[in-house]
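# Observations on the three-dimensional arrangement
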Amino acid sequence: TMWLLLHVVVVVVALVVSTPSCSGLWRGTYELSDPYCMPCENANLITGACACPPDTTSYQSFRVINDCAGTEHGGHMMLCYNDTVADSYIGSYQQDDDGTCRTINPATNACSCASGDVPLGLRTLVDTNGGFKGSNIVICSSSTFRVTYDFGGVYQQDDQVPASRGCRLPNVATGGCSCPPGTSPQQTRVIADGTGGQYLGSTIVSCGSATGFPSAVEVCPGVIADATGVNDTSAALQRCINAYANKVLEIPPGLYAIANALLIKAPIVIRTQGSSSMPPCSDPAMRCATFLASPQLYSPATGGIIVLYGPDIVLDHIVIDGNRNNRMNSKASSDCIVKGANRATAYNGLAYNCVNCVFTNSISMNALCGTGFQWIGAGSNFTASVFRDNGNHADGRWSDGLTLLQGTSAIVQDCQFIDNTDVNFIIGSGQHARIHNNVIAMMIQNAFAGYMMDNFNGGEDGNFDDLWFNDNIVDCGASQCDFAIEVGPHPWYASTNILGGTITSNTVSGGGCNINVYGG
């Protein structure tokens, strides 16, 4: 077969690295093709795109020739890693057959592996002026290689055509062209030189986690759970929560599928392992423990993914994800639109008598309907947290972001309420509460209100004496809220007026009515 090179010169940063490192957390690979072909030839399994995961600190670029669209075509294999975490990845480089060092190994600042490491050569062609030459992308492997959840080795398999070398480079982890159990194959397509110098298609495969998290972690001593979001972890997490009453439970970063609501009935601090003094979960670089609603989750007796009972409960650097898109055919989803059904089954969280409780550096998102969190508890503190993408305004499965039924002396500060589809933040009582420096915004969906002071048709006392709502931003975009700020219940029902409260020094825009006082 005669291959035609579509030669396009593309300038790519060859190496970005914060500090030289001898090991790191493997964060996947992806393959870019030069113009006039599919730009994203092979996506990163973790991100589903030609991009590194948010917690990537460094990447390397390796030049390749691939067979995009059946022609020889230039491209780049991009390798993502996190060099702040000591793990299985210990460096790589690219060197051409003529000795040209294309990409250095950050561990050695040269085209070499560190002393004692084993070089594993992955073969590709690269383009030169008017032709090709051979090149090796070298992954440095420990002489005592061990499989970890993020990295299970590499191999290269030629196409089954004449001149094929078959399993060109076996995986040191398996002895063949395969990935070890618990890891997933990530492909990079290249053209390599076969036997007799003929060119042929070949596939470089790196083995890693498709989610970026391990399939087995120790949540607390002796209790193992799947952190990939595949298998139910409710029993394991509940066991640890019960065992750590009046203690601090640190949960490793990961996706924890929840098929039965987690019940917290004693004071406890639950936080992501190693997150103390770290940025909030909304920071793209943070890897937080995520409680992910399973499609099978249906807890009519309690509702929610997580339920808090009683005082002094702290959720710190925790993500509560209602997994809305994957639960649309569930019983909980149908409860959202059936009159008289128990909609609490679709809530993300509920808190009862949660006096002096804390929700900090955390996220509640993707609730089916109802609310990202329904909360009752004086003195509660919500800081640096995000309530976003809860519910769907268009299909009637509306959801608040935070429903603070009773919030006497509550503090809500430095939080974001984004694209929640009923009321972004609604409060039913809040004497002496302080609500400041928050952002409430509609970017994609619509909502009935951005912020609302209510009494829930007389279900709450509506007393807001000495509440201050100040220095907040309420942005309803292109008239995506009926009311940016609603003070009083009367647009919904003719209950008694609410009492008290000070609203001052806020930036408000985009509402059908920016500030409406009706029943206050």
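Everything numeric in this text was worked out from a predicted model, so none of it was measured.

This part takes up the overall build of the protein chain. Helix and strand counts for the protein chain stand at two helices and 44 strands. Within the protein chain, contacts between residues separated by at least 24 positions form 67% of all contacts whose residues are at least 6 apart in sequence. Measuring between centres, the 22 positive side-chain charges of the protein chain sit 7 Å from its 41 negative side-chain charges.

The next point concerns the packing of aromatic side chains. Taken as a whole and judged by the stated rule, the model has 16 aromatic pairs. Seen from their ring centres, Tyr309 and Tyr352 are 5.7 Å apart, and the 20° between their planes marks the pair as stacked. In this pair, Tyr309 is assigned in strand 23 (residues 306-309) and Tyr352 in strand 26 (residues 349-352), connecting sequence segments 43 residues apart. Relative accessible area serves as the criterion here: at 28%, Tyr309 is assigned to the partly exposed category.

This part covers the pattern of salt bridges. Here the structure, examined in full by the defined rule, presents 18 salt bridges. One salt bridge connects Arg397 with Asp395, and the closest N-O pair in it is separated by 3.3 Å. Under the relative-accessibility criterion, Asp395 is labelled partly exposed at 29%. Salt-bridge contacts for Arg434 lead to Asp466; the nearest nitrogen and oxygen are separated by 3.2 Å. Here Arg434 is found in strand 36 (residues 434-436), whereas its partner Asp466 is found in the loop between strand 38 (447-453) and strand 39 (468-470), with 32 residues between them in sequence. Among the residues examined, Arg434 registers a relative accessible area of 29% and is labelled partly exposed. A relative accessible area of 31% places Asp466 in the partly exposed class. Each of Asp96, Asp98, Arg102 and Lys133 takes part in one network of salt bridges that share partners.

The next subject is unusual backbone geometry. A positive phi is found at Asn356, a non-glycine position, where the angle reads about 60°. Checked against the element boundaries, Asn356 lands in the loop between strand 26 and strand 27 (358-360). A relative accessible area of 44% places Asn356 in the partly exposed class. Although it is not a glycine, Ser409 adopts a positive phi angle of roughly 60°. Its relative accessible area of 34% is what places Ser409 among the partly exposed residues.

Grouped together as the largest cluster of nonpolar side chains are 63 residues, with contacts concentrated most on Tyr256, Phe291, Leu308, Phe373, Trp375 and Tyr451. Counting residues in each nonpolar core, the second largest holds 16 residues, with Phe62, Tyr89, Ile139 and Ile204 among its members.

The next thing to look at is the sheet that holds strand 10 (residues 131-141). In a beta sheet, neighbouring strands are held together by backbone hydrogen bonds and run either parallel or antiparallel to one another. The strand order 8-7-10-9 describes an open sheet built from four strands, whose pairing is antiparallel. Taken across any chain shown, the strands that pair with only one partner, and hence form the sheet edges, are strand 8 (101-103) and strand 9 (118-128). If you compare each strand with its neighbour and ignore which way they point, the axes differ by 30° on average. For strand 7 (residues 92-96) and strand 10, the ladder comprises five bridges, and the chain directions are antiparallel.

This brings us to the state of the cysteines. One pass over the full model with this rule turns up 12 disulfides. There is a disulfide in this structure between Cys52 and Cys80, and the S-S distance comes to 2.0 Å. When the S-S torsion is -80°, as for the bridge of Cys52 with Cys80, the disulfide is left-handed. Taken as a pair, Cys52 in the loop between strand 4 (40-42) and strand 5 (58-66) and Cys80 in strand 6 (residues 72-82) lie far apart in primary sequence, 28 residues in all. For Cys80, a relative accessible area of 0% corresponds to the buried category. Residue Cys281 pairs covalently with Cys288 via a disulfide, S to S 2.1 Å. Its S-S torsion of approximately -105° makes the covalent link between Cys281 and Cys288 left-handed. The exposure class of Cys288 is buried, given its relative accessible area of 6%.

The subject of this paragraph is the environment of Asp193. In this structure, Asp193 sits in strand 13 (residues 184-193). Separated by 277 residues in the primary sequence, Asp193 and Asn470 place their C-alpha atoms 68 Å from one another. With near-sequence residues (within four places) excluded, Asp193 lies in contact with Arg123, Leu125, Arg165, Arg168, Gln198, Tyr199 and Leu200. Of the polar contacts made by the side chain of Asp193, one reaches the side chain of Arg123; its length is 3.0 Å.

This paragraph deals with the pairing of strand 23. Here strand 20 (residues 262-264) runs beside strand 23; their pairing, made up of three bridges, is parallel. Residue Ile264 lies in a different strand from strand 23, and its bridge partner there is Leu308. With four bridges joining them, strand 23 and strand 26 adopt parallel strand pairing. From the neighbouring strand, Tyr309 faces strand 26, where its bridge partner is Tyr352.

This brings us to the environment of Ile411. Take Ile411: it is sitting in strand 33 (residues 411-413). A relative accessible area of 30% places Ile411 in the partly exposed class. As a C-alpha pair, Ile411 and His436 span 25 residues in sequence and 8.3 Å in three-dimensional space.

The subject of this paragraph is the sheet that holds strand 21 (residues 268-272). With respect to topology, nine strands assemble into an open sheet ordered 18-21-24-27-30-33-36-39-42, the strand pairing being parallel. Where the open sheet ends on each side, the last strands, each with one partner, are strand 18 (248-251) and strand 42 (502-504). Neighbour-to-neighbour, the strand axes of the sheet open up by a mean angle of 5°, direction not taken into account. Where strand 21 meets strand 24 (residues 313-316), four bridges bridge the pair, whose relative direction is parallel. Within the sheet, the bridge partner assigned to Ile270 lies in strand 24 and is Leu315.

Within the secondary structure layout, Asp226 lies in the loop between strand 16 (223-225) and strand 17 (228-232). Residue Asp226 is classed as buried on the basis of its relative accessible area, which comes to 8%. For the pair Asp226 and Tyr256, spaced 30 residues apart in sequence, the C-alpha separation works out to 6.7 Å. In contact with Asp226, not counting residues within four places along its chain, are Pro214, Ser215, Asn231, Thr233, Leu255 and Tyr256. A distance of 2.7 Å separates a polar atom in the side chain of Asp226 from a polar atom in the side chain of Thr228. Within the structure, the side chain of Asp226 is placed 2.9 Å from the side chain of Asn231, a separation counted as a polar contact.

So, how was this worked out
- Residues numbered from 1 in each chain as written.
- Predicted model: local features only at pLDDT ≥ 70, side-chain atom pairs only at ≥ 80, totals over all residues.
- Heavy atoms only, no water.
- Helix = DSSP H or I, 4+ residues; strand = E, 2+ residues; numbered from the N terminus.
- Contact = heavy atoms within 4.5 Å.
- Lys, Arg positive; Asp, Glu negative; His and termini not counted.
- Charge placed at Lys NZ, Arg CZ, Asp CG, Glu CD.
- Phe/Tyr/Trp six-rings, centres within 6.5 Å; stacked < 30°, edge-to-face > 60°.
- Buried < 20%, exposed > 50% of the residue type's maximum accessible area, 1.4 Å probe, protein only.
- Salt bridge = Lys/Arg side-chain N within 4 Å of Asp/Glu carboxyl O.
- Core = buried A, V, L, I, M, F, W, Y, C linked by side-chain atoms within 4.5 Å.
- Pairing = 2+ DSSP bridges.
- Axes fitted to C-alpha atoms, helices over the stretch in contact; angles between N-to-C directions.
- Disulfide = S-S within 2.5 Å.
- Polar contact = N/O pair within 3.5 Å; in protein donor to acceptor, adjacent residues only side chain to side chain.

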